[in-house]
Amino acid sequence: MPLKKLKIGVSACLLGMKYRYDGTDKLDPRIVERLLNKVDFVPVCPEVECGLAIPRPAMRLERGQGGTRLKVIATGEDETRRMEEWAGVKIEQLLRRGIGAFLFKARSPSCGHGNTSIFDSQGRCIMKTADGLFVRMLRIKCPKMVIGTEDRLEEFIEKLNLDIFRD
Ligand code: SF4
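Notes on the structure follow. Here the residue numbers are simple positions, counted from 1 along each chain's written sequence. Restriction of local features to residues with pLDDT of at least 70 applies here, the model being predicted, together with a cutoff of 80 or more for giving and counting side-chain atom pairs; totals for whole chains, interfaces and linings are based on all residues. Side-chain measures were taken over the full set of non-hydrogen atoms in the model, leaving aside hydrogen atoms and water.

1. Observations concerning the side chain of Asp 120
Here is step 1 of the chain: In this description a helix means any DSSP run of H or I spanning at least four residues, a strand means any run of E spanning at least two, and both kinds are numbered starting from the N terminus. Note that Asp 120 resides in the loop between β6 (116-119) and β7 (125-130).
Here is step 2 of the chain: Overall, the relative accessible area of 13% leaves Asp 120 in the buried class.
Here is step 3 of the chain: What qualifies as a polar contact is a pair of N or O atoms within 3.5 Å, subject to a donor-acceptor requirement within protein and to the restriction that residues adjacent in sequence count only when both atoms come from side chains. One polar contact links the side chain of Asp 120 to the main-chain amide nitrogen of Gln 122, over a distance of 2.9 Å.
Here is step 4 of the chain: Once residues lying within four places of it in the same chain are set aside, the contact partners of Asp 120 are Arg 60, Glu 62, Arg 63 and Ile 126. Three exposure classes are used, based on accessible area relative to the maximum for each residue type with a 1.4 Å probe and protein chains only: buried under 20%, partly exposed in between, and exposed over 50%. The contact criterion used is simple: two residues touch if any of their non-hydrogen atoms lie within 4.5 Å.

2. Here's the deal with the sheet that holds strand β3 (residues 59-64)
By way of backbone hydrogen bonds, the strands of a sheet pair with one another, either parallel or antiparallel.
Here is step 1 of the chain: Pairing between strands is defined by DSSP: at least two bridges between the two strands are required. One open sheet holds the four strands; their spatial order is β4-β3-β6-β7, and the pairing between them is mixed. Of all strands in the sheet, those with a lone pairing partner are β4 (67-72) and β7, marking the two edges. Sheet twist, expressed as the average angle between the axes of neighbouring strands with direction ignored, equals 35 degrees. Each axis is a line fitted through C-alpha atoms, and for a helix only the stretch in contact is used; angles between axes span 0 to 180 degrees, taken between their N-to-C directions.

3. A look at the pattern of salt bridges
Here is step 1 of the chain: Definition used for salt bridges: Asp or Glu carboxyl oxygen within 4 Å of a side-chain nitrogen of Lys or Arg. Overall, the coordinates contain 18 salt bridges when judged by the stated rule.
Here is step 2 of the chain: The closest approach of N and O atoms between Lys 18 and Asp 25, which form a salt bridge, is 2.7 Å.
Here is step 3 of the chain: With a shortest N-O distance of 3.1 Å, Arg 60 and Glu 62 are connected by a salt bridge.
Here is step 4 of the chain: Using a relative accessible area of 15% as the deciding quantity, one classes Arg 60 as buried.
Here is step 5 of the chain: In this structure, a network of salt bridges that share partners links the residues Arg 60, Glu 62 and Lys 71.

4. Observations concerning the site of the ligand
Here is step 1 of the chain: Near is defined per residue: the residue qualifies when any heavy atom it owns lies within 4 Å of the molecule or strand. Around the ligand lies a shell of 13 residues, among which Ala 12, Cys 13, Cys 45, Glu 47 and Cys 111 are the nearest.
Here is step 2 of the chain: Its atoms largely coinciding with the cavity grid, the ligand occupies the largest pocket.
Here is step 3 of the chain: Residue polarity is assigned by list, with Asp, Glu, Lys and Arg as charged and Ala, Val, Leu, Ile, Met, Phe, Trp, Tyr, Cys and Pro as nonpolar; anything else, Gly included, falls into the polar class. Residue composition of the shell around the ligand, by class: seven nonpolar, two polar and four charged. Lining residues are those with an atom within 4 Å of a point, where the points come from a 1 Å grid over the protein atoms alone and group into cavities, where a 1.4 Å probe fits but cannot get out, or pockets, open sets with protein on both sides within 12 Å along at least five of seven lines. Each molecule is assigned to a cavity or pocket provided more than half of its atoms lie within 2 Å of the corresponding grid points.

5. Structural notes on the packing of helix α3 (residues 80-97) against helix α4 (residues 133-141)
Here is step 1 of the chain: Look at α3 against α4: their axes get within 10 Å of each other, and the N-to-C directions meet at 45 degrees. In terms of orientation, α3 and α4 fall into the oblique class. Of the two possible hands of crossing, α3 and α4 adopt the one that is right-handed. The segment α3 lies against α4, with Thr 80, Met 83, Glu 84, Trp 86, Ala 87, Gly 88, Ile 91, Glu 92, Leu 94 and Leu 95 engaging Leu 133, Phe 134, Arg 136, Met 137, Leu 138 and Lys 141.
Here is step 2 of the chain: A per-class count over the contact of α3 with α4 returns ten nonpolar, two polar and four charged. Geometric relationships in this document are graded by angle, where less than 35 degrees denotes roughly parallel, more than 145 denotes roughly antiparallel, 65 to 115 denotes roughly perpendicular, and other angles denote oblique. In this scheme the crossing of two helices becomes right-handed for a clockwise turn of the near helix relative to the far one and left-handed for an anticlockwise turn of less than a right angle.

So, in structure tokens, the structure goes:
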């Protein structure tokens, strides 16, 4: 009987889906080259799946009196609650599907991991090592899950620590 493959959540834009704020993708062919046939991909786009449009205004993480918020840069509209409500449900669904790891798009205000910037209300960058909002929630719920970003793909694969990757 064939072994069950590890299920890996992947930021959908990395797999070629044109879900970014400007309607483009961030296809990274190395992900398919290195991982296809070894894992099952589960594409996830927090911003589109929580109900935001394509295209949509660019957002950033902003720190103010209410903590760190996900805001539309041009208007200051706060999308934090929308994202948090959706993510709470989605993370439970992903865990029920057996997702064992997650590869995210670096530096995104929703998907970045350890490399997303936070700004003050004047637009000054005050930190460059934060997690995106969805990732922050995922890590609270699943602190041991293997999480990486495409700009450190080999490190992510190494962390998976599976024999199937030693070819
Ligand atoms: S929210 Fe994440 S998956 Fe969606 S377009 Fe932005 S970086 Fe890609």
